[in-house]
Amino acid sequence: MEKYTLIVTEKPDAAQRIAKALDSHGEPEKIEENGVPYFRAHRDQTLVVVPALGHLYTVVHTRGRRNYYPVFNFKWAPRYSAERKAKQTRTWIEVISKLASNAKNFIAACDYDLEGSLIGYSILKYACGNKEGVTKRMKFSTLTKNELEKAYEKPLPSLNFALIEAGRTRHEVDWLYGVNLSRALTLAAKRWSGRYATLSTGRVQGPTLKFLVRREREIRSFVPTPYWSIRSEVEVKNSIYEVEYEKTTFDQKANADSVVKTCKGKTGEIETIEVRKHQQKPPIPFDLGKLQTETYSLFRYTPRRTSNIAQRLYLEALVSYPRTSSQKLPPTIDYRAILKKLSRKTSYRKLAATLLRRDELKPVEGKKEDPAHPAIYPTGNLPERELNDPEKKVWDLIVRRFMAVFSEPAIKQSIKACIAINGHRFYLRGRRMLKEGWMSFYKPYIRAEEVLLPAIKEGENVSMKQIVREDKFTKPPPRFNPSSLLQKMEKEGIGTKATRADIIETLYGRGYVAEERIVVTELGFDIADVLGKYCPRVISVKFTQELEKKMENIQTNNEKRFNVLVDAVNQLKPILKELKEREQAIGQALSEAIKKARIQERIIGNCPDCKTGRLMILYSRKSRKRFIGCTNYFKSICTTSFPLPQRGTVKSAQQNCKGCEWPLVFVRLKGRRPWMLCFNPVCPLKEERKKRDEMQGM
Amino acid sequence: MKCKVCEREAENTYCELHNKAYRNILREYDVWKRASSVSWKEYLSEIVQNQYTGVWAKDVAEHLMKDEEK
């Protein structure tokens, strides 16, 4: 059989794109073996491009049962041997091994980052039989034909072993922490209560939960204090304008009242008018964090959702590699070529043409750099298929941001007129746009609100039309949302751009937090409490930051994997010893927390009949059937109950019915679309629907 | 000793969580007094009804109000 060069990629979509780009006719042959697709392409030689399925290998316990700790002996093994859900990785590894046996050369073409380098390395080492030392590396930031061809023609002579070592260490340290601490918590709870519940914590999860708990504590123990402000309007040239009082807040009500009394119905004079021009610089290019923040604020997409969408756009060669920390766009990406390609789309034509008319294109850039990839930018390719709505939005946002960074600053004019009324000063403010600059490129994602004032001059008379005192209270600090939490993690330097979004989802998945504006659950509090009491180092931000720093140093050859691992084990040993010694107390605390959480999960809302009890999902002792009942039944106060569907899962929908304001339940049944159920038998919406059905029947 | 509000472990009247809320209630009373000369009882009633008061602070304020009534 003819020998070929085996190119290993990270995902099937990337394999297809690479094969298509490298095949001299752009038509590689797709072969499928046991459900594993791979591609045969012809160029100067035969190329076989085979995809992985993300990580095919993972860290596992060398030997032993799953129900004890501490465990410090580990090895890298196929994922199917450790994870039930990863069965298909077995055939994947078998096919790659078979293809490797006939290959003469090897090229790794996985994403050029920590995870991608590790995926390629483990496949070449374990599935291909120690070929990691003879493998070349394709390095690219987009899956465009041009860049892939260049990466293939001039590959790096070897794998980036420093990056691989850093990746391996990260996985191994995370495994050491995750497995040991999660087992310690889970086993402590199980040994105390006899019931199993998955509890987890980790090197990054713990400190992240700590941020949330700290904020939640502030909110829950917050006591507002009163303050007062003035709301006032003046009449200028027959129009009414809102004006600000010189002092924004008052500590004492009487002082605010005195201002109202003195100025009510009075006429004043414009003392001074200040006109200022100021520039607003274009935004900087997107790194992953900035993109996630922007999509959350504009479209309410969670960081993980944005990351997944951006990854899909990358695999379709529409944008560059999204998991980047860079805020820089080097000239090598060829700005002009991208803009020319983008101008093929009608909606970008005029904007791109404006930029292309310039002699020089220079982007505004941020400070952050990433040695592996530039900031996120559009490749200039247009979609080959109809993108779905979220994909369209994210792509358009990336395109417009890319164009905006090359544009000029926006110029705004602000006017501040100082009005004196009976010894008090009020400010009338106006603003207008003089030159849109970059904002015209970034529409509709930026809005400049203008307040246009009539022509006014100093000495002119102005009459107070309305002046009232406003009673206000200080507010608690805002809750984190997935986006602001991600920013906090980034600022504190914990986790990586690839893992932060997943950590947040894990916190939701474990039931430690709930809702979009993040609320820490009782279980979350208790977990943080236990960790804080018995192993504070695990949730210490500083400790995690130090470990992150050491792992980053491996990437730059300034630290050794072995030292970091030994250090991690030495840190863990006393923590685990303490956890074991106090297992009973921890088990009790956690079991109680789990019990409370399980009860909480079953609570649907307030009882509409007795008003004091809570409606809860209960099970009949006789028939074991489930129903909704009031908690006051146990106090012999209320006997309200409602039937529930007996199949599928039922939980609180966390919202009320629009027709009757009763709490709704969410029903999920296999093979059916989940639905919201209002269990109020006389809900007006049900009545309406019934009438409608009857009318249709007639 | 158990917390008077939530029955968690407590060193004094309240657990660690409710104690923080209690300290806040005591501290902010000075601000309220300066601002609008309310009595302690009026203050507690105000913060129980206020939408921005945290749940633990409300729990403690309600407990303090019940104590006052006794």
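Parameters at a glance
Residues numbered from 1 in each chain as written. Chains lettered and ligands numbered in written order. Predicted model: local features only at pLDDT ≥ 70, side-chain atom pairs only at ≥ 80, totals over all residues. Helix = DSSP H or I, 4+ residues; strand = E, 2+ residues; numbered from the N terminus. Buried ≥ 20, exposed ≤ 12 C-beta atoms within 10 Å, placed from the backbone. Contact = placed C-beta atoms within 7 Å. Pairing = 2+ DSSP bridges. Axes fitted to C-alpha atoms, helices over the stretch in contact; angles between N-to-C directions. Nonpolar A, V, L, I, M, F, W, Y, C, P; charged D, E, K, R; others polar. Parallel < 35°, antiparallel > 145°, perpendicular 65-115°, else oblique. Left-handed = near helix turned anticlockwise from the far one by under 90°. Core = buried A, V, L, I, M, F, W, Y, C linked by C-beta atoms within 7 Å. Domains from an automatic or database assignment. Arc of directions from axis to C-beta. pLDDT = per-residue confidence, 0-100. Expected span 1.5 Å × (residues − 1).

**Q** I'm lost on the overall build of chain A in this one. Help?
**A** If you tally the helices and strands in chain A, you get 19 helices and 23 strands. With the principal axes as the frame, chain A shows a C-alpha extent of 95 × 80 × 70 Å. Across the 698 residues of chain A, 39% fall into the buried class. Of the contacts formed within chain A by residues at least 6 apart in sequence, a portion of 68% connects residues at least 24 apart.

**Q** How do you make sense of the overall build of chain B when you look at a structure like this?
**A** Each helix and strand in chain B was counted, giving three helices and zero strands. Counted from the first residue to the last, chain B has its helices and strands arranged as α-α-α. For chain B, the C-alpha atoms occupy an extent of roughly 35 × 25 × 20 Å along the three principal directions. For chain B, buried positions account for 33% of its 70 residues. Taking all contacts inside chain B whose residues are at least 6 apart in sequence as the whole, residues at least 24 apart take part in 37%.

**Q** Teacher, can you tell me more about the pairing of strand S4 (residues 46–51) of chain A here?
**A** Residues and elements named next belong to chain A. The buried fraction of S4 is high, at five of six residues. Here strand S1 (residues 4–9) runs beside S4; their pairing, made up of five bridges, is parallel. Note that in S4 the partner of Thr 5 across the bridge is Leu 47.

**Q** Explain the sheet that holds strand S14 (residues 461–473) of chain A here, please?
**A** Remark on secondary structure: sheet strands pair via backbone hydrogen bonds, oriented parallel or antiparallel. Residue and element names in this part refer to chain A. Pairing within the closed barrel is antiparallel, and its six strands lie in the order S9-S10-S13-S12-S11-S14. Each strand axis lies, on average, 40° off the axis of its neighbour in the sheet, ignoring direction. Each of strand S9 (226–236), strand S10 (239–245), strand S12 (410–421), strand S13 (424–435) and S14 touches helix H7 (residues 253–263); the most contacted strand, S14, lies at about 160° to it.

**Q** Can you walk me through the interface of chain B and chain A in this structure?
**A** Counting residues at the interface gives 19 residues for chain B and 15 residues for chain A. Broken down by secondary-structure element, the contributors of at least two residues to the side of chain B that touches chain A are helix H1 (16–36) and helix H3 (55–69) of chain B. A per-element tally of the side of chain B that touches chain A places H1 of chain B first, with eleven residues. Among the residues making up the side of chain B that touches chain A, the classes are represented as eleven nonpolar, five polar and three charged.

**Q** What should I look at first to understand the packing of helix H8 (residues 288–299) of chain A against helix H13 (residues 482–492) of chain A in this one?
**A** To describe two helices that pack against each other, one gives the angle between their axes and the distance between the axes. All names here are of chain A. Axis separation between H8 and H13 bottoms out at 9 Å; the angle between their running directions is 160°. Between H8 and H13, the angle is such that the two are roughly antiparallel. Considering the relative orientation of H8 and H13, their crossing is left-handed. Contacts from Gly 289, Gln 292, Thr 293, Tyr 296 and Ser 297 in H8 reach Pro 482, Ser 483, Leu 486, Gln 487 and Glu 490 in H13. When grouped by side-chain class, the residues that make up the contact of H8 with H13 number three nonpolar, six polar and one charged.

**Q** For this particular structure, what's the right way to read the nonpolar core?
**A** Side chains that are nonpolar tend, in soluble globular proteins, to be buried together. Residue and element names in this part refer to chain A. Ranked by size, the top nonpolar core spans 137 residues in total, and within it Val 8, Ile 18, Val 49 and Leu 590 carry the most contacts. Ranked by residue count, the leading element in this core is helix H5 (residues 161–193), at 13 residues. Discounting residues that sit within four places of it in the chain, Leu 590 has contacts with Leu 185, Ala 188, Ala 189, Leu 199, Asp 526 and Val 530. Counting residues in each nonpolar core, the second largest holds 19 residues, with Trp 228, Val 236, Leu 428 and Met 464 among its members.

**Q** I would appreciate a short explanation of the domain arrangement of chain A in the present structure.
**A** Frequently, the measure chosen for interface size is the accessible area removed from exposure when the parts meet. What the domain assignment reports for chain A is domain 1 (4–159), domain 2 (168–220 + 479–594), domain 3 (236–282 + 410–473), domain 4 (288–404) and domain 5 (604–697). Each of domain 1 of chain A and domain 5 of chain A has a C-alpha centre, and these two points are 51 Å apart.

**Q** Sorry, what's going on with H7 of chain A here?
**A** For an α-helix, the turn length of 3.6 residues means that residues three or four places apart are oriented alike. Residue and element names in this part refer to chain A. Those residues of H7 that sit buried are Ala 256, Val 259 and Cys 263. An end-on view of H7 places all buried positions within 55° of arc, on one side of the element. With respect to the buried face of H7, the exposed residues turned more than 90 degrees away are Ala 254 and Lys 261. Its buried side turned inward, H7 meets S9, S10, S12, S13 and S14.

**Q** Where do I start with unusual backbone geometry in this structure?
**A** Note on backbone geometry: most residues besides glycine have negative phi, and most peptide bonds are trans. Residues and elements named next belong to chain A. Put simply, Tyr 69 and Pro 70 share a cis peptide bond, and its omega is 0°. Counting through the fold element by element, Pro 70 comes out in the loop between strand S5 (57–61) and strand S6 (74–78). The amide bond that connects Lys 443 to the next residue, Pro 444, takes the cis arrangement and shows omega of 0°. Of note, the phi angle at Asp 334 is positive, near 65°, even though the residue is not glycine. Since 13 C-beta atoms lie within 10 Å of it, Asp 334 is described here as partly exposed.

**Q** Hey, could you run me through the sheet that holds strand S7 (residues 103–108) of chain A in this one?
**A** Residues and elements named next belong to chain A. With mixed pairing, six strands are arranged side by side in an open sheet as S2-S3-S4-S1-S7-S8. Both outer strands of the open sheet, strand S2 (29–33) and strand S8 (136–137), are each paired with one neighbouring strand and no more. Relative to the sheet, helix H1 (residues 12–22) contacts S1, strand S3 (36–42) and S4, its axis offset from that of S4 by approximately 165°. Against the sheet, helix H2 (residues 89–101) contacts S1, S2, S3, S4 and S7, and its axis sits at roughly 25° relative to S3.

**Q** What's the story with the environment of Ile 93 of chain A in this structure? I'm lost.
**A** Residues and elements named next belong to chain A. Inspection of the secondary structure puts Ile 93 in helix H2. Sequence-wise, Ile 93 and Cys 128 are 35 residues apart; in three dimensions their C-alpha atoms are separated by 9.0 Å. Leave out the neighbours within four places in its chain, and Ile 93 touches Leu 56, Pro 78 and Ala 127.

**Q** Please explain the pairing of S9 of chain A as it appears in this structure.
**A** Look at any regular strand and the pattern is simple: side chains alternate between the two faces of the sheet. All names here are of chain A. Side chains Pro 226, Trp 228, Ile 230, Ser 232, Val 234 and Val 236 project from S9 onto a buried face, and the interleaved Tyr 227, Ser 229, Arg 231, Glu 233 and Glu 235 project onto a face without burial. Here S9 runs beside S14; their pairing, made up of ten bridges, is antiparallel. Its bridge partner lying in S14, Ile 230 is registered against Arg 469. By the bridge criterion, five bridges tie S9 to S10 in an arrangement that is antiparallel.

**Q** I tried to follow the confidence of the model for chain B on my own but got confused; where do I start?
**A** A low pLDDT means the predicted coordinates there should not be read in detail. Residues and elements named next belong to chain B. Scored by pLDDT, chain B has a mean of 90; 100% of the residues are at 70 or more. Least confident of the elements in chain B is H3, whose mean pLDDT is 91; most confident is helix H2 (residues 40–49), at 94. Predicted as a complex, the structure gets a pTM of 0.81 and an ipTM equal to 0.97.

**Q** Would you mind going over H3 of chain B with me for this structure?
**A** The terminal C-alpha atoms of H3 of chain B, which comprises 15 residues, lie 21 Å apart, in line with the 21 Å expected from a rise of 1.5 Å per residue. Residues Trp 56, Ala 57, Lys 58, Asp 59, Val 60, Ala 61 and Leu 64 of chain B constitute the buried set of H3 of chain B.

**Q** What's the story with the packing of H1 of chain B against H3 of chain B in this structure? I'm lost.
**A** All names here are of chain B. Contact geometry of H1 with H3 gives a least axis separation of 8 Å together with a crossing angle of 75°. Here H1 is positioned roughly perpendicular relative to H3, judged by the angle of their axes. Residue-level inspection shows Leu 17, His 18, Ala 21, Tyr 22, Asn 24 and Ile 25 of H1 in contact with H3, the latter providing Trp 56, Ala 57, Asp 59, Val 60 and Ala 61.

**Q** Got a minute to help me understand the environment of Glu 271 of chain A in this structure?
**A** Here Glu 271 of chain A is to be found in strand S11 (residues 267–280). Leaving out residues up to four positions away in the same chain, Glu 271 of chain A has contacts with Cys 418, Ile 419, Ala 420 and Glu 458 of chain A.

**Q** Sorry, what's going on with the environment of Lys 33 of chain B here?
**A** By secondary structure assignment, the location of Lys 33 of chain B is in helix H1. We classify Lys 33 of chain B as partly exposed; it has 13 C-beta atoms within 10 Å.

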